[in-house]
Amino acid sequence: GAFCTLASLNPSLVNLHIDYCGRINDSSIEFWASHFPHLRRLELLGPFLVKAEGWKTFFRGHPQLTGFLITQSPRFDLDCMKDLAESCPGLTELRLSQIGLMRDEFLEHIKTFENLTSLDLSEPSESLSVDAVCELLETVGKNLVLLNLSKNDLLNDSFIERGLLPNIQHVTSLSLNELPEITDAVLANFFAQTPN
């Protein structure tokens, strides 16, 4: 359909951003895998229909990918995450927002992206744990400029002290909305100690 035509007519595209793309399905994504040879950054809002095999085919066709930013993809699972990490090791931007199947186990694979500058793991169906997020930031926090962990409601004061304070020196955009376990005093102390 139209999404395949888009790839046929624009084979040299490097950056693709589509909002409200609920009609994109596996056949479109798999077509893109071979018809967008230069694509380095993909940003999609609402690719509801894309299944795991579609994502995997796309990743394998784009080892040069540096940005993968998706919001609302209910079928994106741990196997997809594993394939993304293995196929696209040079990723610098990752958004997995409102991903229903997000779990702590995803973070083991996200840890392998050593050059991440932008990370958005906001609004999962179930919150990531304090320990898993702290371990992740110990590994990838050093280069982060943007970090969004909003609505991970298990994150608490310990996460601020162990995860954020020692590990995110360069972050200039930080989103921590709706984290009820974090106290005002600890948050104030964090900003007092942060040069940004």
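Residues numbered from 1 in each chain as written. Predicted model: local features only at pLDDT ≥ 70, side-chain atom pairs only at ≥ 80, totals over all residues. Heavy atoms only, no water.

## Quick look at the pattern of salt bridges
Item 1. Applying the stated criterion across every chain yields a total of 14 salt bridges.
Item 2. Of the charged contacts in the structure, one is a salt bridge between Arg162 and Asp131, with a shortest N-O distance of 3.0 Å. Here the residue Arg162 occupies a position in helix H7 (residues 157-164), and Asp131 occupies one in helix H6 (residues 130-140), the gap between them amounting to 31 residues.
Item 3. Of the residues examined, Asp131 reaches a relative accessible area of 45% and is grouped as partly exposed.
Item 4. Via salt bridges that share partners, Arg41, Glu43, Glu93, Arg95 and Asp120 belong to a single interconnected network. (Salt bridge = Lys/Arg side-chain N within 4 Å of Asp/Glu carboxyl O. Helix = DSSP H or I, 4+ residues; strand = E, 2+ residues; numbered from the N terminus. Buried < 20%, exposed > 50% of the residue type's maximum accessible area, 1.4 Å probe, protein only.)

## Notes on unusual backbone geometry
Item 1. Unlike most non-glycine residues, Gln98 shows phi in positive territory, near 55°.
Item 2. Position of Gln98 among the secondary structure elements: in the loop between strand E4 (93-97) and helix H5 (104-110).
Item 3. On the accessibility criterion, Gln98 (28% relative accessible area) is partly exposed.
Item 4. Not every positive phi belongs to a glycine, and Glu123 is a case in point at roughly 55°.

## Topic: the environment of Leu16
Item 1. Assignment of secondary structure puts Leu16 in strand E1 (residues 15-18).
Item 2. Separated by 51 residues in the primary sequence, Leu16 and Gly67 place their C-alpha atoms 10.0 Å from one another.
Item 3. Once you skip the residues sitting within four places of it in the chain, Leu16 turns out to touch Leu6, Trp32, Phe36, Leu39, Arg41, Leu42 and Glu43. (Contact = heavy atoms within 4.5 Å.)

## Description of helix H2 (residues 26-35)
Item 1. Here H2 has its buried residues at Asp26, Ser28, Ile29, Trp32 and Ala33. Within H2, the buried residues cover an arc of 165° as seen down the axis, which keeps them to one side.
Item 2. Along its buried surface, H2 packs onto helix H1 (2-9), E1, strand E2 (41-45) and helix H3 (52-60). (Arc of directions from axis to C-beta.)

## Side note on the packing of H1 against H2
Item 1. In contact at an axis separation of 9 Å, H1 and H2 are set at 10° when each is read in the N-to-C sense. For the element pair H1 / H2, the angle class is roughly parallel. Facing Phe3, Cys4, Leu6, Ala7 and Ser8 of H1, the residues of H2 in contact are Ser27, Ser28, Phe31, Trp32 and His35.
Item 2. Split into classes, the residues belonging to the contact of H1 with H2 amount to 6 nonpolar, 4 polar and no charged. (Axes fitted to C-alpha atoms, helices over the stretch in contact; angles between N-to-C directions. Parallel < 35°, antiparallel > 145°, perpendicular 65-115°, else oblique. Nonpolar A, V, L, I, M, F, W, Y, C, P; charged D, E, K, R; others polar.)

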